[in-house]
Amino acid sequence: MIQNVTALEMPVNEEFRIVKNHLTNGRGPRICIVTGTHGDELEGQYVCFLLARMVQQHISCLHGTVDIYPALNPLGIDSMQRGVPAFDLDMNRIFPGSSQGSMIEKVAYDIYTDLCGADMVVDIHASNIFLREIPQVRISEQTADTLVPYAQMLGIDFIWVHQAATVLESTLAHALNSAHTPCLVAELGVGGRIGHNLCHRLATGVENLMYHLGVWSRQPDMSRMPESIVCRGADSVEFLNAATSGIFVTELHNDVMVSRGQTVGSIIRPLTGEVLSHVEAPCDGLLFTIRAYPMVYEGSLLGRIHRIGNSSQPAH
């Protein structure tokens, strides 16, 4: 059943509307799948499609409620903009919103209140257009003890337990977890694209989570899903940043192991044929983020490595 989450009048006889697909079959736990907070992140659109089709085709397996919110920022999705067009803001920086605030603050508040009280919320993001990510769940240190076991049920490659920054306090996940509504943030792929295999894997993981929550009676085959790597601590992730501006070229993909001193890529100058700098791995570990957009400036993020072992100094 398609239901309104919020609907507000706009100029020229238009309406700003956010909807959800409310799928229910008897009393039981409630899981919510949300995505589309950033308009240039499209992986979640396909995951929502896969889950909605699965539940409707096997409705007898549902013992509770699945709410699917495919577009929290419909204007951004329609125009392929990360933020909310015309408002110049990132929607994932205004939660929990305000019932007495501006239009977008009111929208955020309505979304937040509609989600509060769910037994689990899965907030699906893709990377931006600049970076490619392996499937991962990001969890703040404050909620790790509660959420890591649920994240492992997704059969996802990587679980990053990170320190919460001030800006994260205004995200949907932080607002919900602070209200004792558990929320997992999944991230995968690259902005503006849909990786079908990644989406199918995440949809299978969500089905497994639904099974363990008691929402779903059919357990999916998880035999081919990886055992999650859990990354904890501020010193467990090394960031690769550009030493100069130019074009970043690499033959590596993410989700590969690299060795300390290994060349990850180079920054080149096409006009003169110069190699301006080589980018080397500062440690042994898993390359879980890699630059997808080749134009870089000094300081641009090129990659992230989950460090393995104690060495973090470049080889000479």
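Residues numbered from 1 in each chain as written. Predicted model: local features only at pLDDT ≥ 70, side-chain atom pairs only at ≥ 80, totals over all residues. Heavy atoms only, no water.

(A) Geometry of the overall build of the protein. A tally of helices and strands in the protein yields six helices and 17 strands. For 316 residues, the compact-globule estimate of 2.2 N^0.38 gives 20 Å, and the protein sits close to it at 21 Å. In terms of overall dimensions, the protein has C-alpha extents of about 65 × 50 × 35 Å along its principal axes. Every one of the 316 residues in the protein was classed for burial, and the buried ones make up 51%. Long-range pairs, those at least 24 residues apart, make up 69% of the contacts in the protein with a sequence separation of at least 6. A total of about 14,700 Å² of accessible surface is found on the protein, and carbon and sulfur atoms cover 49% of it. Charge centroids of the protein, computed over 20 positive and 32 negative side chains, lie 4 Å from each other. (Helix = DSSP H or I, 4+ residues; strand = E, 2+ residues; numbered from the N terminus. Rg over C-alpha atoms; globule rule 2.2 N^0.38 Å. Buried < 20%, exposed > 50% of the residue type's maximum accessible area, 1.4 Å probe, protein only. Contact = heavy atoms within 4.5 Å. Areas by Shrake-Rupley, 256 points an atom, 1.4 Å probe, with all protein chains shown as cover. Lys, Arg positive; Asp, Glu negative; His and termini not counted. Charge placed at Lys NZ, Arg CZ, Asp CG, Glu CD.)

(B) Spatial organisation of the nonpolar core. In terms of nonpolar packing, the biggest core is built from 40 residues, with Ile31, Val66, Ile139, Leu184 and Met210 touching the most fellow members. Looking at this core, the element that brings in the most residues is helix H1 (residues 43-57), giving eight residues. Setting aside anything within four residues of it in sequence, one finds isoleucine 139 in contact with Ala144, Leu147, Val148, Ala151, Ile159, Trp160, Val161, His162 and Leu184. Ranked by size, the runner-up nonpolar core spans 26 residues in total, among them Tyr112, Leu172, Leu176 and Val185. (Core = buried A, V, L, I, M, F, W, Y, C linked by side-chain atoms within 4.5 Å.)

(C) Representation of unusual backbone geometry in the model. The omega torsion across phenylalanine 95 and proline 96 is 10°, close enough to zero to call that bond cis. Note that proline 96 resides in the loop between helix H2 (74-79) and helix H3 (103-115). Here the phi dihedral of histidine 180 falls at roughly 65°; this positive angle occurs in a residue that is not glycine. Relative to the helices and strands, histidine 180 is located in the loop between helix H5 (172-178) and strand S8 (183-190).

(D) Geometry of the pattern of salt bridges. Under the criterion given, the structure shown has 15 salt bridges. Taking the shortest distance from any N to any O, the salt bridge between lysine 106 and aspartate 110 comes out at 2.8 Å. Note that lysine 106 and aspartate 110 are positioned in helix H3 at a spacing of four residues, about one turn of the helix. For lysine 106, a relative accessible area of 24% puts it in the partly exposed group. Here arginine 138 ties to glutamate 133 by a salt bridge, and the two come within 3.2 Å at their closest N and O atoms. Take arginine 138 and glutamate 133: they sit in the same class, and that class is buried. In the salt-bridge network here, residues are joined through shared partners; they are Lys20, Arg30, Asp67 and Asp114. (Salt bridge = Lys/Arg side-chain N within 4 Å of Asp/Glu carboxyl O.)

(E) Representation of the sheet that holds strand S14 (residues 274-280) in the model. Taken in spatial order, the four strands line up as S14-S13-S11-S16 in an open sheet, and their pairing is antiparallel. Each end of this open sheet is capped by a strand with a single partner; those strands are S14 and strand S16 (295-296). Looking at chain direction, strand S11 (residues 246-249) and strand S13 (residues 263-269) are connected through three bridges and run antiparallel. From the neighbouring strand, valine 249 faces S13, where its bridge partner is serine 266. (Pairing = 2+ DSSP bridges.)

(F) Region of interest: the pairing of S11. Here two bridges tie S11 to S16, and the two strands are oriented antiparallel to one another. Pairing of isoleucine 247 across the sheet is with methionine 295, part of S16.

(G) Region of interest: the packing of aromatic side chains. Considering all chains together, one arrives at four aromatic pairs under this definition. Between tyrosine 46 and phenylalanine 49 the ring centres are 5.7 Å apart and the planes differ by 15°, which places this aromatic pair in the stacked class. With tyrosine 46 and phenylalanine 49 both in helix H1, this residue pair falls three residues apart, about one helical turn. The exposure class of tyrosine 46 is buried, given its relative accessible area of 18%. Joined through ring pairs, the aromatic side chains of Phe158, Trp160 and Phe288 make up one cluster. (Phe/Tyr/Trp six-rings, centres within 6.5 Å; stacked < 30°, edge-to-face > 60°.)

(H) Looking closely at H1. Between its first and last C-alpha atoms H1 spans 22 Å; for 15 residues at 1.5 Å apiece the expected length is 21 Å, and the two agree. Within H1, burial applies to Glu43, Gly44, Tyr46, Val47, Cys48, Leu50, Leu51, Ala52, Met54 and Val55. On the buried face of H1, the contacting elements are strand S2 (14-24), strand S3 (30-35), strand S4 (65-69), strand S5 (120-126), S8 and helix H6 (196-213). (Expected span 1.5 Å × (residues − 1).)

(I) Up close: the packing of H1 against H6. Look at H1 against H6: their axes get within 9 Å of each other, and the N-to-C directions meet at 50°. Here H1 is positioned oblique relative to H6, judged by the angle of their axes. Crossing hand, H1 versus H6: right-handed. Contact with H1, carried on its side by Glu43, Tyr46, Val47, Leu50, Leu51, Met54 and Val55, involves His196, Cys199, His200, Leu202, Ala203, Val206, Glu207 and Met210 of H6 and no other residues of that element. For the contact of H1 with H6, the per-class residue count stands at 11 nonpolar, two polar and two charged. (Axes fitted to C-alpha atoms, helices over the stretch in contact; angles between N-to-C directions. Parallel < 35°, antiparallel > 145°, perpendicular 65-115°, else oblique. Left-handed = near helix turned anticlockwise from the far one by under 90°. Nonpolar A, V, L, I, M, F, W, Y, C, P; charged D, E, K, R; others polar.)

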